[in-house]
Amino acid sequence: MTLDFPERTAELKRRISEEIQANGPVSFARFMKRALYEPGLGYYMSQRPVTSRRGDFLTAPETHPAFGALLADGAREYAEDLNVPEFTVVEQGSGSGALARSFVERWSQTAQRPLRYVMVDFHPPGMPAPAGVTIGTALSLDEVVPFEGLFLSNELPDAFPVHRVRRRGAAIVEVYVDLHDGDFIEIESVPSSPELEKWLGTAGIVLADGAEIEVNLQVEPWMRRIWEHLARGRVITIDYGFESDRVSRFPRGTLLAHYRHTTNEDYLQRVGEQDLTAHVCWTALEEIARRTGLRIVERVTQREYLSRLGWKEWGMRLLRTPFVTEAELESFDRLGSLAEGMGGNGVLVLDK
Ligand SMILES: C[S@@+](CC[C@H](N)C(=O)[O-])C[C@H]1O[C@@H](n2cnc3c(N)ncnc32)[C@H](O)[C@@H]1O
């Protein structure tokens, strides 16, 4: 079925309402899952260029190709250490393919070792492969055979559906979505699963009375699947996040909706038409990685990571380039601001 907005939104709203009428209020995670991933209707299922200037928000690889190129430089060095005949990169949540394009281009210009680059997303784009590079696509990690190399993602776990919990006195309550006069409303009730409080323990999160935080129960199964698919190699997760001891900075949680380059907190509006995203909790991610058996190499800010890979030198070269356009300099600068963005942009590096 192909529908345009606002018909898509109306259809999605109708389906979620039907579920609530039949079974009662749904957890916010269930609502978010359908809003983002309902087949044919969800925000990420629409094939619109959401991570672009024409879309709702810009990501680092969409901002300037230096991001993907610098990551390729880092991966090239790592590939020498790993020393496999063909280095494999699996990028999950590859979106428009912007990171893949700049990564692959840089690799083909600078590396001798053959590269296989696999984009995993719901609508991975086709793309020509330069000499020495094989490009693959998959709709799910399940289609990827165990590989040696690098598992890469940019802004992926922040797009996983999250539960929302609040402290009310001594109790933890969960936020659900209900219906009132045909509109979605939020209500509080007892947590849908004991896993939510357990997760707060894993993350080491202590909520103040009245404070809210998101619980991302998808991270654990995701890490397990990475473990199963990565025979040997490195996992690089780039995202914005917070550490559990900083949770008091977000008394209303970190959830945000993105719509046409603005942010809002009307999470129940524009269903399927706006992005919903929550910061990842680095403390939980690291604890879950450890439990899964992955070794933590480091977690650094994106700015530090890119600097190490030659960010400044790239900028200097750009300034010396004859006829460099204002637009290119501006995009490069914007990538710098994104790397620093929200103070929490991080790079988590794990090894297996
Ligand atoms: C915030 S966007 C980031 C896109 C891209 N990495 C970038 O930086 O421009 C999140 C992406 O993750 C994808 N995604 C979410 N869950 C996924 C899953 N389980 N498997 C593959 N892709 C997923 C979405 O479709 C979307 O393209």
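Quantities reported herein were computed from a predicted structural model and do not represent experimental measurements.

Caption draft 1: How the structure looks around empty space enclosed by the protein. Counted by the stated rule, this structure contains 1 cavity of 30 Å³ or more. For the largest cavity, the calculated volume is near 90 Å³. Residue lining of the largest cavity: 13 residues in total, with W199, N216, H279, V280 and C281 positioned closest to the centre. At the level of secondary structure, the elements contributing two or more residues to the lining of the largest cavity comprise β9 (212–215), β14 (280–281) and α8 (282–292). Take the lining of the largest cavity: its biggest share by element is 3 residues, from α8. Class assignment of the residues belonging to the lining of the largest cavity gives a composition of 10 nonpolar, 2 polar and 1 charged.

Caption draft 2: Highlighting the side chain of T292. When you line up the elements, T292 lands in helix α8. A polar side-chain atom of T292 sits 2.5 Å from the main-chain carbonyl oxygen of I288. In contact with T292, other than residues within four places in its own chain, are M223, R224 and W227.

Caption draft 3: Examining the pattern of salt bridges more closely. Within the structure shown, the criterion is met by 31 salt bridges. Between R34 and E38 there is a salt bridge, with the nearest N and O atoms lying 2.9 Å from each other. Judged by its relative accessible area of 12%, R34 is buried. Judged by relative accessible area, which is 9%, E38 ranks as buried. If you follow the salt bridges from partner to partner, you end up with E11, R14, R15, E18, E19, R30, R34 and E38 in one network.

Caption draft 4: A look at the site of the ligand. In the vicinity of the ligand there are 15 residues, among which Y37, T59, G93, D121 and N154 approach most closely. Contact distances for the ligand include 2.6 Å between an oxygen atom and a side-chain N or O atom of T59. At a separation of 2.6 Å, a nitrogen atom of the ligand approaches a polar backbone atom of G93. About the coverage of the ligand: the protein hides 91% of its 590 Å² of free accessible area. Residue composition of the shell around the ligand, grouped by class: 7 nonpolar, 6 polar and 2 charged.

Caption draft 5: Highlighting the environment of H163. Looking at the element boundaries, H163 is found in strand β6 (residues 163–168). For the pair formed by H163 and E265, sequence separation is 102 residues and the distance between their alpha carbons is 15 Å. Contacts of H163, omitting those with residues within four sequence positions, involve S27, A29, E174, S192, L196, I213, E214, V215 and L217. Side-chain polar atoms of H163 contact the side chain of E174, separated by 2.6 Å.

Caption draft 6: View of unusual backbone geometry. Of note in this structure, R260 is not a glycine but carries a positive phi near 45°. Mapped onto the fold, R260 is located in the loop between β11 (256–259) and β12 (262–264). Phi at H261 is positive, roughly 65°, even though this residue is not glycine. Tracing the sequence through the fold places H261 in the loop between β11 and β12. By relative accessible area, H261 is classed as partly exposed at 40%.

Caption draft 7: Spatial organisation of the pairing of strand β8 (residues 183–189). In this structure, strand β7 (residues 171–180) lies alongside β8, joined through 7 bridges in antiparallel fashion. Across the sheet, L179 pairs through a bridge with F184, a residue of β8. In this antiparallel pair of consecutive strands, β7 and β8, the connection spans 2 residues, and D181 shows a positive phi of 50°.

Caption draft 8: Quick peek at the sheet that holds β11. Spatially, 3 strands are ordered β12-β11-β13 in an open sheet, and the strand pairing comes out antiparallel. Of all strands in the sheet, those with a lone pairing partner are β12 and β13 (275–277), marking the two edges. Adjacent strand axes in the sheet meet at a mean angle of 30° when their direction is disregarded. Looking at chain direction, β11 and β12 are connected through 3 bridges and run antiparallel. What sits directly across from A257, in β12, is N264.

Caption draft 9: Examining the packing of aromatic side chains more closely. Scanning the model with the defined rule gives 14 aromatic pairs in all. Where Y43 meets Y44, the ring centres are 5.0 Å apart and the plane angle is 80°; that geometry is what we call edge-to-face. Within the aromatic cluster, the residues linked to one another by ring pairs are Y78, F87, F103, W107 and Y117. The positively charged end of R270 is found above the aromatic ring belonging to Y259, 4.8 Å away from the centroid. Above the face of the W314 ring, R317 is positioned so that its terminal group lies 5.2 Å from the ring centre.

What counts and what doesn't
- Residues numbered from 1 in each chain as written.
- Predicted model: local features only at pLDDT ≥ 70, side-chain atom pairs only at ≥ 80, totals over all residues.
- Heavy atoms only, no water.
- 1 Å grid on protein atoms, 1.4 Å probe; cavity = no way out; pocket = protein on both sides within 12 Å on 5 of 7 lines; lining within 4 Å.
- Points joined across faces, edges and corners; volume = space filled by probe spheres on them.
- Helix = DSSP H or I, 4+ residues; strand = E, 2+ residues; numbered from the N terminus.
- Nonpolar A, V, L, I, M, F, W, Y, C, P; charged D, E, K, R; others polar.
- Polar contact = N/O pair within 3.5 Å; in protein donor to acceptor, adjacent residues only side chain to side chain.
- Contact = heavy atoms within 4.5 Å.
- Salt bridge = Lys/Arg side-chain N within 4 Å of Asp/Glu carboxyl O.
- Buried < 20%, exposed > 50% of the residue type's maximum accessible area, 1.4 Å probe, protein only.
- Near = heavy atom within 4 Å.
- Areas by Shrake-Rupley, 256 points an atom, 1.4 Å probe, with all protein chains shown as cover.
- Pairing = 2+ DSSP bridges.
- Axes fitted to C-alpha atoms, helices over the stretch in contact; angles between N-to-C directions.
- Phe/Tyr/Trp six-rings, centres within 6.5 Å; stacked < 30°, edge-to-face > 60°.
- Lys NZ or Arg CZ within 6 Å of the ring centre and 35° of its normal.

Scope: geometric values only; no functional claims are made or implied.
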